[in-house]
Amino acid sequence: MKKTAQYFSKKKYLLKTILTSKVKSTIDRYKKCRFWLTKGLWRVANNWKETAPVASRKTAGIDSMFQGLDENRDVLVKRLNAGQELYPNCDTSIWLRNCTHDIPTPVQGKIEGKIPEWLSGSLLRNGPGSIQVGNYEFKHIFDSSALLHRFAFKNGAVSYQCRFLESNTYKQNKAAQRIVITEFGTRACPDPCKTIFHRVSNVFKWGDDQSDNAMISIYPIGDEYYAFTENPIMIKINPTTLETLNTIDIARMTGIVHHTAHPHMAADGAVFNLATVPKIDGPHYCVVKFPRVDSESGYQYSTDEMFGRMCIVATIKCRWPLHPGYMHSFGITEHYFIVVEQPLSISLSTAMINRFKGDPMYSALKWFQDCPTLIYLISRSNGKTVKTFKSDAFFYLHIINQYEEDDNVVIDICCYRDPSMIDCMFVEALQNLNKNPDYAAMFRSRPLRFVLPVNRNPISSDIVNEHPYVSPEKLCDLGCETPRINDLKIGTKYRFFYAISSDVDAKNPGTLIKVDTYNKTCKTWCEKNVYPSEPIFVSSPDAEDEDDGVILSSIIWGGSECTHKAGVIVLDAKSWTEIGRAIFITQSPVPKCLHGWYAAAV
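Conventions and cut-offs
Position numbers for residues count from 1 along each chain, tracking the sequence in the order it is written. Note on the predicted model: pLDDT of at least 70 is required for a residue's local features to be given, and 80 or more for side-chain atom pairs to be given and counted; whole-chain, interface and lining totals, by contrast, use all residues. Based on all heavy atoms of the structure, the side-chain values leave hydrogens and waters out of the count. Where helices and strands are cited, they refer to DSSP runs of H or I of at least four residues and of E of at least two residues respectively, numbered from the N terminus. We call two residues contacting when some pair of their heavy atoms lies within 4.5 Å. UniProt positions are given in the numbering used here, feature names are shortened, and annotations may be inferred rather than shown by experiment. Each residue is placed in one exposure class: buried if its accessible area under a 1.4 Å probe, protein chains only, is under 20% of its type's maximum, exposed if it is over 50%, and partly exposed if it falls in between. When two rings of Phe, Tyr or Trp (its six-membered ring) have centres within 6.5 Å they constitute a pair, described as stacked for plane angles under 30 degrees, edge-to-face for angles over 60, and tilted for the intermediate range. Any Lys NZ or Arg CZ that is within 6 Å of a ring centre and within 35 degrees of that ring's normal is treated as a charge sitting over the ring. Counted as salt bridges are all cases of a side-chain nitrogen of Lys or Arg within 4 Å of a carboxyl oxygen of Asp or Glu. Criterion used throughout: strands pair if DSSP finds at least two bridges between them. Comment: axis = line fitted to C-alpha atoms, over the contacting stretch for helices; angle = value between 0 and 180 degrees taken between N-to-C directions. In protein, a polar contact means a hydrogen-donor-capable atom and an acceptor-capable atom, both N or O and within 3.5 Å, with residues adjacent in sequence counting only if both atoms are side-chain atoms; elsewhere, any N or O pair within 3.5 Å suffices. As a per-residue measure, pLDDT reflects the predictor's confidence and takes values from 0 up to 100. Here, nonpolar core means buried Ala, Val, Leu, Ile, Met, Phe, Trp, Tyr and Cys residues that are tied together by side-chain atoms lying within 4.5 Å of each other.

The helix and strand inventory of the protein stands at 11 helices and 36 strands. Sequence-distant contacts in the protein: of pairs separated by 6 or more residues, those separated by 24 or more amount to 65%.

Mapped onto this numbering, the UniProt entry annotates "binding site: Fe cation" (unreviewed entry) at His262, His328, His398 and His595. Over a stretch of 334 residues, the named residues converge on one spot in the fold, their C-alpha atoms separated by at most 12.8 Å. In this fold, His328 is placed in the loop between strand S16 (311-317) and strand S17 (331-332). The exposure class of His328 is buried, given its relative accessible area of 6%. What His328 contacts, discounting residues up to four positions off in sequence, is Ile216, Glu230, Thr260, Ala261, His262, Leu397, His398 and His595. One can find His398 in strand S23 (residues 395-405). Judged by relative accessible area, His398 falls into the buried class, the value being 7%. What His398 contacts, discounting residues up to four positions off in sequence, is His262, His328, Ser329, Ile413, Cys414, Glu481, Thr482, Pro483 and His595.

Taken as a whole and assessed by the stated rule, the structure comprises 23 aromatic pairs. Each ring, one from Phe394 and one from Tyr396, has its centre 6.1 Å from the other, and the planes form 55°; the classification is tilted. The same class applies to Phe394 and to Tyr396, which are both buried. Taken together, the aromatic side chains of Tyr87, Phe395, Tyr416, Tyr439 and Phe443 make up a single cluster linked through ring pairs. The side chain of Lys514 reaches across the aromatic face of Phe496, ending 4.4 Å from its centre. Taking NZ or CZ as reference, Lys565 lies 4.2 Å from the ring centre of Trp557, over its face.

The subject of this paragraph is the pattern of salt bridges. In this structure the tally under the stated criterion is 26 salt bridges. A salt bridge links Asp70 to Arg417; the shortest N-O distance between them is 2.9 Å. Taken together, the residues span a long stretch of sequence, with Asp70 in the loop between helix H2 (62-65) and helix H3 (73-81) and Arg417 in the loop between strand S24 (408-416) and helix H9 (420-424) at a distance of 347 residues. We note a salt bridge from Arg581 to Glu578, for which the minimum N-O separation is 2.8 Å.

Okay, the sheet that holds strand S11 (residues 244-249) next. With respect to topology, 4 strands assemble into an open sheet ordered S8-S9-S10-S11, the strand pairing being antiparallel. The sheet is open, and its two edges are formed by strand S8 (217-221) and S11, each paired on a single side. On average, adjacent strands in this sheet sit at an angle of 35° to one another, irrespective of strand direction. In this sheet, strand S10 (residues 233-237) lies alongside strand S9 (residues 224-228) in antiparallel orientation, the contact comprising 4 bridges. Across the sheet, Tyr225 pairs through a bridge with Ile237, a residue of S10.

Attention shifts here to the side chain of His284. Relative to the helices and strands, His284 resides in strand S15 (residues 282-290). Here Gly282 takes part through its backbone oxygen, which lies 2.9 Å from a polar atom of the side chain of His284. Setting aside residues up to four positions removed in sequence, His284 forms contacts with Ala275, Thr276, Val277, Lys279, Thr315, Ile316, Lys317 and Cys318.

Counted residue by residue, strand S18 (residues 336-341) has 6 buried out of 6 residues, so it is predominantly covered. On S18, burial covers both faces: Tyr336, Ile338 and Val340 on one face and Phe337, Val339 and Glu341 on the other are all buried. Of the pairings in the sheet, the one linking S17 to S18 comprises 2 bridges and is antiparallel in character. Of the residues in S18, the one forming a bridge with Gly331 is Ile338. Where S17 folds back on S18, the antiparallel hairpin that results is connected by 3 residues. Bridge count between S18 and strand S21 (residues 373-379): 6 bridges; the pairing is antiparallel. The residue bridging Val339 from the neighbouring strand is Tyr376, located in S21.

On to the environment of His140. With respect to the helices and strands, His140 occurs in the loop between strand S5 (136-137) and strand S6 (145-154). Put simply, His140 and Glu183 are 43 residues apart on the chain and 8.7 Å apart in space, counted from C-alpha to C-alpha. Every residue in contact with His140, bar those within four places of it in the chain, is listed here: Phe184, Gly185, Thr186, Ile422, Met425, Phe426 and Val427. Within polar-contact distance, the side chain of His140 engages the backbone nitrogen of Phe142 at 3.0 Å. Looking at His140, its side chain comes within polar contact range of the main-chain oxygen of Ile422, at 2.9 Å.

Attention now moves to H3. With a side-chain oxygen lying 2.8 Å from the backbone nitrogen of Asp74, the N-terminal cap of H3 falls on Asn72. Immediately downstream of H3, the backbone of Gly83 shows phi near 80°, a positive value.

Per-residue confidence for the protein gives a mean pLDDT of 88, with 86% of residues at or over 70. Considering only residues more than four positions removed or in separate chains, one finds that residues 29-59, a stretch of pLDDT under 50, has 41 contacts. Contacts for the low-pLDDT stretch residues 195-201, under 50 throughout, to residues beyond four places or in other chains number 10 contacts.

Here we take up the nonpolar core. Core analysis: the largest hydrophobic core is formed by 92 residues, its most contacted members being Phe153, Met234, Phe290 and Leu552. Element by element, the count of residues in this core is highest for S6, at 5 residues. When residues no more than four places from it in sequence are discounted, the contact partners of Phe290 are Met234, Ile250, Ala270, Val271, Met306, Phe307 and Met310. Core analysis: the second largest hydrophobic core is formed by 38 residues, Ile338, Ile375, Val409 and Ile411 among them.

A word on the sheet that holds strand S3 (residues 121-130). Read from one edge of the open sheet, 5 strands run S1-S7-S6-S3-S36, paired in antiparallel fashion. Sheet topology places strand S1 (103-108) and strand S36 (595-600) at the edges, where each strand pairs with a single neighbour. For this sheet, the mean inter-axis angle between neighbouring strands, taken without regard to orientation, is 20°. Bridge count between S3 and S36: 6 bridges; the pairing is antiparallel.

Let us look at the pairing of S8. Most of S8 is tucked away: 5 of the 5 residues are buried. Residues Ser217, Tyr219 and Ile221 of S8 are buried on one face, and the alternating residues Ile218 and Pro220, pointing to the opposite face, are buried as well. Both S8 and S9 contribute to a ladder of 5 bridges, which runs antiparallel. Residue pairing in the sheet places Ile218 in a bridge with Ala227 of S9. Counting the residues in the hairpin turn of S8 and S9 gives 2 residues, including Gly222, whose phi is positive at 65°.

Below, the structure is given as structure tokens:
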């Protein structure tokens, strides 16, 4: 009996020694991996600094587009020291409201003015729904639980309903009453059940500990509608009831680790998106296609068949093997895919360490101010790069539109000087808006146009590394975000785009903007204390001109007394005047949303 006890004691000691050794060696390997990856990254970054484009040091570059737009900082500091609000017209609490109840049954709105009777469909919206889980709070607006909205138009009446997207992340958080999955800017609460080996095993694979909180956009694929995020999943929703149906896991199908939240819909129903795919020689940007129609037989695939036939139609290697660029949207024209690689990248070494430690992805973002933005033109016929251009460093989320004209490709983008606006969307930053004299400058954007000569170099071209330099022109002198156009004009020459203001220091930050790209002029609509969302264009039945139709925008009101109030406004797109609106008093607070889609006849 004594020998048996000694035997098991030795076994226990040996097992403990082996386990300790394995843990130590694992940690040592990760430390070495991080060291060498970081060393390699700095070598790549330093090489790019040595070859930084001459154009990035020009005085007539993108920086000049923002000169004179920011209020004197000393004036703001004096105002702050005097106890005055820095941005008295901007109410950021509209992002921080917490929806507490679904509204599954449509409620009828009070109509003011007139809603066109020909409008028959649903304005579907997606965005942050609640920053709270139990007694815990998300740190960033991009982490907020996704909330779906539906404004249904029929015979001049409008109804409203909303529902939380019941993703796996949402259900786990709700069941645990805490944040159990790490998000973009929020670390999950520690889980004592997850061992170091569990964390190690999940570093290189997509799993249940990855967020599927699809709170950015909504797009149709085939005859169905899906909520999107930048993680490689799509969540199917019922556009009538807003019920969450099932999840499509793109990562397991193709090895994609990231895709944009803004795919493109082709005229034949095919869907294209830009994804990041790891390969042996480093990460690549890949354009993936979900075909709708069989090119030979003309047979129309079901949505499930579209997913089954997904294929890569274009590939380009990321310029930095250890730092793929952050992508939120891309461009498509008749002959080209357009990939705009900004110098905001994701450090793979930091991302792996973050997954191991459970830290949020935000800290893996790295900005290289001295490196150019690269714009790739990729042939749609063979998937190969036709030409690469470079411009000064800028940050962007949304491409407005792109088209071919004569021997050029024109691309319009909502540009920022740098990615500081992401910092502005942290909950703490929003709460302390009036204590930050740099906030407005950090959130400053302008719509810029880049003209890319396909078969020649720009007239004022400084060629470094064989990439011709292009300098943009400003389309208007207002900050524009969440831009939309007449969908029939996507990828072709267009005249008008519609946006919301991104100037938090404007007289009225809740402004809807119509930009005439031909004349470089703007029209604006605003109302005190009203905050519109992304403007969506709907063509009138007898439309002849590009702007024959209406603009739909969901609206909310600022102030603590208006948290339970929501609405939708209808503007005449041509005259930019209000036609009518529907107002709803809700059981629960309604926060500001992000992106959406107009589903005709739904």
